[in-house]
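# Summary of the model geometry
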Amino acid sequence: MSQVPTLTLDNGLRMPQLGFGVWQVPDDEATAVVGTALEAGYRSIDTAAIYGNETGTGKALAASGIPRQELFVTTKLWNSAAETWTRESVLREFDASLARLGLDYIDLYLVHWPRAMRDDYLTIVRTFAEIADSGRAKAVGVSNFQPAELERVMAETPVVPAVNQVELHPNFAQAELRALHARHGIVTEAWSPLGQGRGLLEDPTLARIAAKHGRSPAQVVLRWHIQLGNVAIPKSATPSRIRENFDVFGFALDDEDLAAIAGLDNGTRLGPDPAEFDYS
Ligand code: NAD
């Protein structure tokens with residue numbers, strides 16, 4: 001039994017609150033890096049078609065010998081790759097991800113960005129519903145969706161996204177979006193949960209809390225995510241940090257710690273603003 005707490009998605013599927021993200025891990029290194037994460041105890045892996053490492057990730061999953069039902073695999077449709085998506089192109093791209101991963105189902109399939117200016121995300125989400133109905137994705141959700149886009153999906157398709165994966169860390173805590181998610185039973189999943197390891201982890205408030213608990217600032221931030229009810233998917237290619245980031249279940253932050261961390265929210269995004277983002 002894993003020590004990682006789970007959140008129950010709206011379809012009853014249980015999602016570990018701590019997973020391992022593989023953005024920027026080259027495909028030929030992904031097998032070793034994901035293998036280290038699985039050995040450390042992670043059972044949830046977050047990849048995406050655009051990361052170019054679904055193949056290496058899939059090899060690590062297969063080599064681990066861990067029963068498929070104990071794993072939770074997320075990948076994402078890189079919807080910027082085409083001008084406008086159709087049912088057929090979404091199904092084709094899903095099949096390609098599945099083949100690269102070497103799996104016959106994915107636990108969670110996400111729309112990577114809303115690209116609201118292209119106005120095709122409803123078609124994509126409706127096709128995702130079809131994929132979920134076929135059992136080839138256990139759950140479907142979105143990433144980087146703003147309230148207006150979430151409301152539109154829920155009003156105009158049969159889908160309530162199981163998850164919205166968004167930028168979220170103590171400097172960008174997304175309180176309003178989290179409240180909206182909670183009202184609709186959408187799980188909040190935090191990308192760049194450590195603030196990409198940049199200035200955040202040197203913050204003196206985090207250093208003080210870390211010293212108090214005999215932990216590292218990264219562990220304090222991940223513990224904050226867990227206690228807030230988020231899913232967090234930290235990335236590291238360094239074995240000692242991979243293990244350190246998993247070792248966050250033997251301590252708890254108190255109210256004073258949580259209040260101090262709440263004071264770090266300064267509304268600073270590290271990644272692109274979803275209202276404008278449309279790589280193609
Ligand atoms: P992150 O916040 O997980 O930071 C990762 C970086 O922090 C590492 O590269 C390393 O430099 C540093 N780090 C990690 N562990 C550390 C430790 N214990 N001590 C000190 N430094 C440490 O940032 P991320 O990689 O951007 O995000 C995590 C995952 O989120 C990605 O791998 C990806 O799976 C996902 N993601 C999704 C989207 C999206 O649009 N849906 C966007 C970005 C990232």
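The name recorded for the chain in an unreviewed UniProt entry is Oxidoreductase, from Streptomyces cinnamoneus. Quoted straight from UniProt, the Sequence similarities (unreviewed entry) entry for the chain says "Belongs to the aldo/keto reductase family."

### Here we look at the packing of aromatic side chains
Enumeration according to the criterion identifies nine aromatic pairs in this entry. With centroids separated by 4.0 Å and ring planes inclined at 35°, the aromatic side chains of Trp113 and Phe277 adopt a geometry described as tilted. Of this pair, Trp113 sits in the loop between strand E6 (106-111) and helix H4 (121-133) while Phe277 is found in the segment after helix H10 (255-262), placing the two residues 164 residues apart along the sequence. Across the pair, Phe277 and Trp113 agree in class, each one buried. On the basis of an interplanar angle of 75° and a centroid distance of 5.3 Å, the ring pair of Tyr121 and Phe145 is categorised as edge-to-face. Within this pair, whereas Tyr121 is found in helix H4, its partner Phe145 is found in the loop between strand E7 (137-143) and helix H5 (147-156), the two being separated by 24 residues in sequence.

### Digging into the pairing of E7
In summary, the side chains of a regular strand alternate between the two faces of the sheet. Of all seven residues making up E7, six are buried, and the element is well covered by its neighbours. As for the winding sense of the linkage, the β-α-β connection from E6 through H4 to E7 is right-handed. In this sheet, strand E8 (residues 163-167) lies alongside E7 in parallel orientation, the contact comprising two bridges. From the neighbouring strand, Ser143 faces E8, where its bridge partner is Gln165. With respect to chirality, the unit in which E7 leads through H5 into the neighbouring parallel E8 is right-handed.

Here is what the cut-offs are and how they apply
- Residues numbered from 1 in each chain as written.
- Predicted model: local features only at pLDDT ≥ 70, side-chain atom pairs only at ≥ 80, totals over all residues.
- Heavy atoms only, no water.
- UniProt positions renumbered as here; feature names shortened; annotations may be inferred.
- Phe/Tyr/Trp six-rings, centres within 6.5 Å; stacked < 30°, edge-to-face > 60°.
- Helix = DSSP H or I, 4+ residues; strand = E, 2+ residues; numbered from the N terminus.
- Buried < 20%, exposed > 50% of the residue type's maximum accessible area, 1.4 Å probe, protein only.
- Right-handed = clockwise from strand over helix to strand, strands pointing away.
- Pairing = 2+ DSSP bridges.

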